Amino acid sequence: MSRKRGLRRLLVLGLALALVVGGIYTAVAFIQRSETLVAEMCTAAVGSAKAELATDQAANAALITAVAVRRGLPPRAASIALATAMQESKLRNIEHGDHAGPDSRGLFQQRPSQGWGTEEQVMDPYYATGAFYDALVKIPGYESLEITAAAQQVQRSAYPQAYAQHEDMGRAFASALTGQSTEALDCTLKSPEGPGDAQSVVGELTAAFGNVPATADGSTIVLDVSGSQAWAVGQWAVANAKSLSVTEVDVGELSWDRKSRNGWQASDGQPGQVTVTVAAGTP
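These numbers were taken from a predicted model, which means no experiment stands behind them.

A look at the packing of helix α8 (residues 198–209) against helix α9 (residues 227–239)
Direction vectors running N to C along α8 and α9 enclose 125 degrees, while the axes themselves pass 12 Å from each other. By the angle between their axes, α8 is oblique relative to α9. Seen along the crossing, α8 lies across α9 with a hand that is right-handed. Contacts from Val201, Glu204, Leu205, Ala208 and Phe209 in α8 reach Ala232, Val233 and Trp236 in α9. Considering only residue class, the contact of α8 with α9 consists of seven nonpolar, no polar and one charged.

Comments concerning the sheet that holds strand β2 (residues 49–53)
Sheets are built from strands paired through backbone hydrogen bonds, the pairs being either parallel or antiparallel. Ordered by their spatial adjacency, three strands build an open sheet running β2-β1-β3, and the pairing between neighbours is antiparallel. Strands with a single pairing partner mark the edges of an open sheet, and in this sheet they are β2 and β3 (185–188). Averaged over neighbouring strand pairs, the angle between their axes works out to 20 degrees when direction is ignored. Summarising the sheet, strand β1 (residues 41–46) and β2 pair through five bridges and their orientation is antiparallel. From the neighbouring strand, Ala44 faces β2, where its bridge partner is Ala51.

Describing the packing of aromatic side chains
The final tally for this structure, using the stated rule, is four aromatic pairs. An angle of 70 degrees between the planes, with centres 6.0 Å apart, marks the rings of Phe132 and Tyr133 as edge-to-face. Tyr133 carries the same exposure label as Phe132, and that label is buried. Put simply, the rings of Phe108, Phe132 and Tyr133 pair up and form one aromatic cluster.

Re the sheet that holds strand β6 (residues 246–251)
Spatially, β4-β5-β9-β6-β7-β8 is the arrangement adopted by the six strands of the open sheet, whose pairing is antiparallel. The outermost strands of the open sheet, each flanked by one partner alone, are β4 (214–217) and β8 (264–266). Within the sheet, the average angular offset between the axes of one strand and its neighbour, ignoring direction, is 20 degrees. As defined by bridge partners, β4 adjoins strand β5 (residues 220–223) across four bridges and the pair is classed as antiparallel. Counted as the bridge partner of Ala216 is Ile221 from β5. In this fold α9 packs onto β5, β6, β7 (254–257), β8 and β9 (274–278), with an angle of close to 165 degrees to the strand it touches most, β6.

Calculation notes
- Residues numbered from 1 in each chain as written.
- Predicted model: local features only at pLDDT ≥ 70, side-chain atom pairs only at ≥ 80, totals over all residues.
- Heavy atoms only, no water.
- Axes fitted to C-alpha atoms, helices over the stretch in contact; angles between N-to-C directions.
- Helix = DSSP H or I, 4+ residues; strand = E, 2+ residues; numbered from the N terminus.
- Parallel < 35°, antiparallel > 145°, perpendicular 65-115°, else oblique.
- Left-handed = near helix turned anticlockwise from the far one by under 90°.
- Contact = heavy atoms within 4.5 Å.
- Nonpolar A, V, L, I, M, F, W, Y, C, P; charged D, E, K, R; others polar.
- Pairing = 2+ DSSP bridges.
- Phe/Tyr/Trp six-rings, centres within 6.5 Å; stacked < 30°, edge-to-face > 60°.
- Buried < 20%, exposed > 50% of the residue type's maximum accessible area, 1.4 Å probe, protein only.

Structure follows, in structure tokens:
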């Protein structure tokens, strides 16, 4: 009898162990599957308007808008630029043109043959964006023109009405990325693929906005900015979170946390300060 009891106990222990192992496996598999199923995207919600972009498109939208902020241009200029780039290239820095413009290149599909610069220049997103704004600001009263009309005067497109379909996206992302609308930009992302580099974030910020007072310490960057500039910088960091491995952004007393996927939430941050945190490396 004792031998049978021992066998029963072993059997019960074996079953219990199998259940535990199975539970752990199921939990890990669920986490991995849920991470795999995450649809990465960025959303700008301003009032009742809402627009979505893929993460690479959002990063380019942030660059285009940052150049407008750096130049002191109104948000309307960024709206026009974003709608234009969405129509011309789907907000991607493409290396080819189309049948109508075989030498068109870059975010705005600018043509070297029409005086926009060399192929290398128009493939530089900062140069291309600057060239677009240089042309835009020469249009009298462009701020009050319909986005389609302003874009067409710069681009001279064969399909001038096509810009209109991107007006809502342009307005929503421009409002968020210029800092006119607070806590308006949110990105749903998977876990970082690797550690971030605080100095690289500072370098990218400087390229986008110019000399922003910043201090990098380990995996944290502290920026002394306030008002709309704080929200422009903070939401720029969210838009670039995928490529720069950003995990958290604090703007004043509100925080965006990559892991929570709950948008902007109250935090214990400091007014007049933006803090950007990147993924830490393995100790």
